[in-house]
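One letter stands for each residue in the lines below.
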Amino acid sequence: MYETLDEVRADIAARLEEAARDRRSPMHTPVVATADADARVMVLRAFDCDSWTLRFHTDVRASKVAAIEADRRVAVLGYDRPAKVQLRLRGTGRIEREGPAVDSAWAESNNFARRCYLGEGPGAVSDVPTSGLPQQFEGAEPDDEQIVPARENFAILLVEVAEIDWFSLAHTGHRRALLTRDGGTWISP
């Protein structure tokens, strides 16, 4: 059990950094909620400890893009069940479609992952069950030439975290802390 806010801050950074690099991490797929109270599970791709910024990938046609561009408030919820630690993060979201960070994120992805941006946009109506992918890419990886049209649908969501509510469950007594980039305080669970 942690006794200082510095220990809590280090715990948060370690969890989010691990979640971004290890797909088996309990916090690799947190829930992301937009200001319109719409929530979805997303894959955490990166966490910058210095700027308190989370990075996710998104399709520019997704409803969350319009929601974030209309109201930048975003909340992120992660839970590590084995450790019994919950993180509630609040901040502002920003969609980036172009630029070095987007180009780098695209380059880090393989064509199998990139193919998701080739198909119908998220939420497109269908008369039959569908992945939304073009038929030729169901279970198949496109080549470099075939993937080119997907890039226009790819963007990153950056969440600049303003506040983190850290909550640790323990039979000996729960602990909770509210942290900002510049400070923090212990609060009652």
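Anything mentioned here points back to the structure above.
Residues numbered from 1 in each chain as written. Predicted model: local features only at pLDDT ≥ 70, side-chain atom pairs only at ≥ 80, totals over all residues. Heavy atoms only, no water.

A. Fine view of empty space enclosed by the protein. Considering all chains together, one arrives at two cavities of 30 Å³ or more under this definition. Looking at the largest cavity, the residues that line it are Leu 16, Met 27, Pro 30, Leu 44, Leu 54, Phe 56, Val 76, Leu 77, Gly 78, Leu 87 and Leu 89. Broken down by secondary-structure element, the contributors of at least two residues to the lining of the largest cavity are β4 (53-59), β5 (73-80) and β6 (85-96). Of the residues contributing to the lining of the largest cavity, the split by class is 10 nonpolar, one polar and no charged. The space that makes up the second largest cavity amounts to roughly 40 Å³. Every residue lining the second largest cavity is listed: Arg 9, Ile 12, Ala 13, Phe 47, Cys 49, Trp 52, Ile 164 and Leu 179. Looking at the lining of the second largest cavity, the element that brings in the most residues is helix α1 (residues 5-21), giving three residues. (1 Å grid on protein atoms, 1.4 Å probe; cavity = no way out; pocket = protein on both sides within 12 Å on 5 of 7 lines; lining within 4 Å. Points joined across faces, edges and corners; volume = space filled by probe spheres on them. Helix = DSSP H or I, 4+ residues; strand = E, 2+ residues; numbered from the N terminus. Nonpolar A, V, L, I, M, F, W, Y, C, P; charged D, E, K, R; others polar.)

B. Looking closely at the pairing of β5. Of the two faces of β5, the one holding Val 74, Val 76, Gly 78 and Asp 80 is buried and the one holding Arg 73, Ala 75, Leu 77 and Tyr 79 is not buried anywhere. Here strand β1 (residues 31-34) runs beside β5; their pairing, made up of four bridges, is antiparallel. Each residue of the ladder has a partner; that of Val 31, found in β5, is Leu 77. With eight bridges connecting them, β5 and β6 associate as antiparallel partners. Residue pairing across strands places Val 74 opposite Gly 91, the latter belonging to β6. (Buried < 20%, exposed > 50% of the residue type's maximum accessible area, 1.4 Å probe, protein only. Pairing = 2+ DSSP bridges.)

C. View of the nonpolar core. Counting 31 residues, the largest nonpolar core has Leu 54, Phe 56 and Leu 87 as its most contacted members. For this core, the elements supplying multiple residues, two or more each, are α1, β4, α2 (63-70), β5, β6, β7 (154-168) and β8 (175-180). Look past the residues within four positions of Leu 87 in its chain and what remains in contact with it is Ile 12, Leu 16, Met 27, Val 76, Leu 77, Gly 78, Ile 164, Asp 165 and Trp 166. (Core = buried A, V, L, I, M, F, W, Y, C linked by side-chain atoms within 4.5 Å. Contact = heavy atoms within 4.5 Å.)

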